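# Structure at a glance
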Amino acid sequence: MTTTADYSEKIPNNVSLHEDRRLQRALESWQPNFLDWWRTMGPSLPTQDVYLRTAVNVGREGWAQFGHVAMPDYRWGIFLAERDPGRRVGFGEHKGEPVWDKVPGEYRADLLRLIVIQGDTEPASVEQQRNLGATAPSLYDLRNLFQVNVEEGRHLWAMVYLLHAYFGREGREEAEELLHRNSGSADAPRILGAFNEETPDWLSFYMFTYFTDRDGKYQLGTLKESAFDALSRTCEFMLKEEAHHMMVGTTGVDRVVERTAQVMVENDTDDVAALGAIPLPVIQKYLNFHYSVSLDLFGGDTSTNVANYYTAGLKGRWSEDRRQDDHKLTDDAMMVDALVDGEIGELEVAALTGLNTDLRRQYAGDCRGGVNRWNKILADAGLAHRLKLPHTAFNRKVGAFAGIEASPDGEQLTADEWERGKGQWLPTDVDKTYVRSLMRPVHERGKIAAWIAPPRNGINGQPFDYDYVHLA
Ligand SMILES: [Fe+2]
Ligand SMILES: [Fe+2]
């Protein structure tokens, strides 16, 4: 296994694809379908070329190469992190045994399902974001959007490789389905709810890359622990690419908050809408929406499926090796969110069945980090207003609180109270229309829209006014 990608092949890869002609042919016949999908469902803004990074090896240093690329010619490839020859299963009933080079028959259906669900989210986000290019606030942002898009396309390749290489005809059929389902489609929607929501404006895009892509990071983190070694190595490399997506979301929201704070201070007013910035209450509503729909992606608060995945070694915990316990959890208990006599509360359950809650709490802790940094921007500007994460029970459609309504502070509400209050907590049509009215494209080098601050750094050491994108 080499770490350097073979770019002489039709499909760049570091899995010695040329040694398996059947697999190579199968993937080469999927490739035109992928390119068709990219042309019809990928970025709609016509471009000549974009300053993109392409993975060239999976090593620690210098794994990427930057250059202007015509997007349909982007070299989507198959890259797995390096094999650790001594790697052993880190948790569950197979703990300590060598990891698996093949899919054990008894776990085949479950692994297939996990890979399909992960694979479905990757092209979904490209579809959700396809029209954003037309309203980009700068060429720098436009380039970042396209970088995220091509890499989500590559993540689809990563999952399709596993389906083709390890799951036979069923895997090939699922790979086709990944291109047939579409975000928001009435007859063949994407599998998970948040991936059928539209991403109509750039504030939504930054919130999506902060909150929803971050869910992806946590899901990949659990699959990286898998005893199925190829899945583990695939996810490990995907996580490297995700770091850039996280950066786009984190600094994107930073820059919106920074600009709003600036306009508030300069004009000594909270009412920045008249001044072309996004009011803090609107930012808070977008945050409430994206955080709550992203919490739903973690599934039910208790789950016997997930307990079984863990015991079988298919899916671990976030930072499994740093946990101070027996990594089997058969005798442990934990508290999970629950309705207790109809009220928001907690319930003790077997630790194994509470693993979704465990992951969701790790995620929520990470999200608090973002809110803290946005609040520091407000504090540094001398403003008293603060952003915050809504309560776990707020606006949930999945899990223990799906059947009740709660305010962002976690106060349980009647249906009437919710109807009266929700316009203060979630983006209204008026808010969305206002945000959309700001979304006018700034496609000139070195220029930026008035509702967002410029970034502190460019990409790969280039200045902000670099020609990141050449439009068609
Ligand atoms: Fe991804
Ligand atoms: Fe991502």
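See the structure shown above.
## Some thoughts on the sheet that holds strand 2 (residues 64-69)
A sheet is described by the order of its strands in space; here three strands give the open sequence 2-1-7, paired in antiparallel fashion. Both edges of this open sheet fall to strand 2 and strand 7 (469-471), since each of them pairs with a single strand only. Sheet twist, expressed as the mean angle between neighbouring strand axes with direction ignored, is 15°. Here strand 1 (residues 47-55) runs beside strand 2; their pairing, made up of six bridges, is antiparallel. Its bridge partner being in strand 2, Val50 is matched across the sheet by Val69. This element, helix 3 (residues 139-166), spans strand 1, strand 2 and strand 7 of the sheet and lies at about 60° to strand 1.

## Overview of the nonpolar core
Core analysis: the biggest nonpolar cluster contains 121 residues, and Phe211 and Trp451 have the highest contact counts within it. When residues of this core are assigned to their parent elements, the largest contribution, 15 residues, is made by helix 3. Setting aside residues up to four positions removed in sequence, Trp451 forms contacts with Pro137, Trp202, Tyr206, Val256, Arg259, Gly276, Ala277, Ile278, Leu438 and Met439.

## A closer look at the coordination of the iron ion (ligand 2)
Within the protein, Glu152 (OE), Asp213 (OD), Glu242 (OE), Glu242 (OE) and His245 (ND1) serve as the donor atoms for the iron ion (ligand 2), at 2.1 to 2.7 Å. The motif formed by the donor residues of the iron ion (ligand 2), counted along the single chain, is E-x60-D-x28-E-x2-H. In this model, the iron ion (ligand 2) sits 3.4 Å from the iron ion (ligand 1), the two metals being bridged by Glu152. Of this pair, Asp213 sits in helix 5 (residues 202-223) while His245 sits in helix 6 (residues 229-267); the two residues are 32 residues apart in sequence, bridging distant segments of the chain. According to the relative accessible area criterion, Asp213 is buried, its value standing at 7%. Looking at His245, the relative accessible area reads 0%, which means it is buried.

## With respect to the coordination of the iron ion (ligand 1)
With distances of 2.0 to 2.7 Å, the protein atoms coordinating the iron ion (ligand 1) are Glu122 (OE), Glu152 (OE), His155 (ND1) and Glu242 (OE). For the iron ion (ligand 1), the four donor atoms in the first shell make angles of 82 to 166° at the metal, so the coordination geometry reads as irregular.

## Quick look at unusual backbone geometry
Of all residues except glycine, most have a negative phi; of all peptide bonds, most are trans. With a phi close to 60°, His327 is a non-glycine residue in the positive phi region. Residue placement: His327 occurs in the loop between helix 8 (304-312) and strand 3 (333-340). If you check the backbone angles, Asn460 has positive phi at about 55° while not being a glycine. Counting through the fold element by element, Asn460 comes out in the loop between helix 11 (429-438) and strand 7.

## Overview of helix 5
For helix 5, built from 22 residues, the straight-helix expectation of 32 Å at 1.5 Å per residue is met to within 8% by its first-to-last C-alpha distance of 30 Å. The largest bend in helix 5 is about 35°, located at Phe208. Counting buried residues in helix 5 gives 22 out of 22 residues, a clear majority hidden from the surface. Measuring from the side-chain oxygen of the N-cap residue of helix 5 to the backbone nitrogen of Leu203 gives 3.0 Å; that N-cap residue is Asp201.

## Structural notes on empty space enclosed by the protein
Under the defined criterion, the tally for this structure stands at two cavities of 30 Å³ or more. Estimates place the volume of the largest cavity at around 80 Å³. Those elements giving two or more residues to the lining of the largest cavity turn out to be helix 8 and helix 9 (355-380). Sorting elements by how many residues they give to the lining of the largest cavity places helix 9 first, with four residues. In terms of residue class, the lining of the largest cavity is built from five nonpolar, three polar and three charged. Put simply, the second largest cavity is a space of about 50 Å³. Around the second largest cavity, the lining residues are Gln128, Ala194, Glu197, Glu198, Thr199, Phe208, Thr212, Phe289, His290 and Val293.

## Things to note about the pattern of salt bridges
Inspection of the entire model under this criterion finds 29 salt bridges. Ionic pairing is found between Glu444 and Lys447, a salt bridge with its closest N-O pair at 3.2 Å. The class for Lys447 is partly exposed, based on a relative accessible area of 42%. Sharing partners across several salt bridges, the network here consists of Asp301, Asp337, Glu346, Arg360 and Arg361.

Scoring rules and cut-offs
Residues numbered from 1 in each chain as written. Chains lettered and ligands numbered in written order. Predicted model: local features only at pLDDT ≥ 70, side-chain atom pairs only at ≥ 80, totals over all residues. Heavy atoms only, no water. Pairing = 2+ DSSP bridges. Helix = DSSP H or I, 4+ residues; strand = E, 2+ residues; numbered from the N terminus. Axes fitted to C-alpha atoms, helices over the stretch in contact; angles between N-to-C directions. Contact = heavy atoms within 4.5 Å. Core = buried A, V, L, I, M, F, W, Y, C linked by side-chain atoms within 4.5 Å. Buried < 20%, exposed > 50% of the residue type's maximum accessible area, 1.4 Å probe, protein only. Donors = N, O, S within 2.8 Å, 3.2 Å for Na, K, Ca; no water. Tetrahedral: all angles 85-135°; square planar, octahedral: opposite > 155°, others 65-115°. Expected span 1.5 Å × (residues − 1). Bend = angle between axes of the 7 residues up to and from the residue. Polar contact = N/O pair within 3.5 Å; in protein donor to acceptor, adjacent residues only side chain to side chain. 1 Å grid on protein atoms, 1.4 Å probe; cavity = no way out; pocket = protein on both sides within 12 Å on 5 of 7 lines; lining within 4 Å. Points joined across faces, edges and corners; volume = space filled by probe spheres on them. Nonpolar A, V, L, I, M, F, W, Y, C, P; charged D, E, K, R; others polar. Salt bridge = Lys/Arg side-chain N within 4 Å of Asp/Glu carboxyl O.

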